[in-house]
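Fold and geometry: a report
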Amino acid sequence: MIELDLSEPEGIGSLCTGYGGLDLAAISVFGDKLKWWSDIDPGPIKVMSHHHPDVPNLGDLREVDWTKVPKVRIVTAGYPCQPFSNAGKRLGTEDPRHLWPWISDALGVLRPRYVVLENVAGHLRRGFDVVSADLSAMGYRFAWGVVSASEAGAPHLRKRLFVVAENTD
Ligand SMILES: C[S@@+](CC[C@H](N)C(=O)[O-])C[C@H]1O[C@@H](n2cnc3c(N)ncnc32)[C@H](O)[C@@H]1O
C-alpha cells in the first residue's frame, strides 16, 4: 500500500465510472475513499447508487464546472473505448465519443496527485499520443502497461491498457 501524505486533498474522484471496477482497483492500491463519481448511463448509475448511496454522481462530465468540484488526491477514468477499439470504426480522436479532451480539462483544474486511466489496448495505436502529450504538458510523469484479464485468472484475453500518472509539482 502506498503511504499517503495527509496534507493533500483526500479521496478518489471517478470519471466514466461504469460499475466502479477501476475505482475498486485504485482503492486497493492507494487505500482512499470515493468522494464523487460521474456517469450518465442508467445501468451503472443504479449499481453505483446502490453501493455508494452517499457519494454524489456529477453526471455528464462534459457539463461539469470543475472549479466547483471538491479536490481529490486521485482521479480515475476508464473513458469510453469505442473510438479506439479494434472492434469499432477506429475513428480515434475523430469519434464523437472521444471524451479525453474533457477529462484533460478536468485534470487541469483539479490537479490530483495521481491519475489512473484504463482503456482498450487499441488506444495505444489511436489517441494515446494525445493523452501522453496532454499529461506531460500538465506536469504528470506516467507509466503504462497492458494487462490481460487472463492474467487475473479470467477465462478470456481482454487486453486492457492501464496508466498511472503522478503530478510532479
Ligand atoms: C468503459 S466504461 C467504464 C468502465 C469502468 N472503468 C469500470 O470499471 O466499470 C465507460 C463509461 O463511461 C460512461 N460515460 C460515457 N459518456 C459519459 C459522459 N459524458 N459523462 C460521464 N460518463 C460517461 C459510460 O456510461 C460508461 O459507463
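Going by the structure above, here's the rest.
Predicted, not measured: the structure shown is a model, and the values here were computed from it.

Observations regarding the sheet that holds strand E3 (residues 74-77)
Overall, mixed pairing links the six strands, which are arranged E2-E1-E3-E4-E6-E5 in an open sheet. Single-partner strands in this sheet number two, and they are strand E2 (34-38) and strand E5 (140-148). Averaged over neighbouring strand pairs, the angle between their axes works out to 15° when direction is ignored. Bridge analysis of strand E1 (residues 12-15) against E2 gives four bridges, and the strand direction is parallel. Bridging across to E2, Leu15 finds its partner in Ser38.

Side note on the side chain of Thr17
On the secondary structure map, Thr17 appears in the loop between E1 and helix H1 (21-30). By relative accessible area, which is 8% here, Thr17 ends up buried. Once residues lying within four places of it in the same chain are set aside, the contact partners of Thr17 are Asp23, Trp37, Ser38, Asp39 and Met48.

Here's the deal with the packing of aromatic side chains
Tallied over the entire structure, the rule returns five aromatic pairs. Taking the centre distance of 4.8 Å and the plane angle of 40° together, the rings of Phe30 and Tyr114 count as tilted. Placement of the pair is Phe30 in helix H1 and Tyr114 in strand E4 (residues 114-120), with a sequence separation of 84 residues. By relative accessible area, Phe30 is classed as buried at 4%. Aromatic pair Tyr79 and Trp100: ring centres 5.8 Å apart, planes at 45°, arrangement tilted. On the criterion of sequence distance, the pair formed by Tyr79 in the loop between E3 and helix H3 (100-110) and Trp100 in helix H3 is long-range, its members being 21 residues apart. In this pair, the class of Tyr79 matches that of Trp100, namely buried.

Conventions used here
Residues numbered from 1 in each chain as written. Predicted model: local features only at pLDDT ≥ 70, side-chain atom pairs only at ≥ 80, totals over all residues. Heavy atoms only, no water. Pairing = 2+ DSSP bridges. Helix = DSSP H or I, 4+ residues; strand = E, 2+ residues; numbered from the N terminus. Axes fitted to C-alpha atoms, helices over the stretch in contact; angles between N-to-C directions. Buried < 20%, exposed > 50% of the residue type's maximum accessible area, 1.4 Å probe, protein only. Contact = heavy atoms within 4.5 Å. Phe/Tyr/Trp six-rings, centres within 6.5 Å; stacked < 30°, edge-to-face > 60°.

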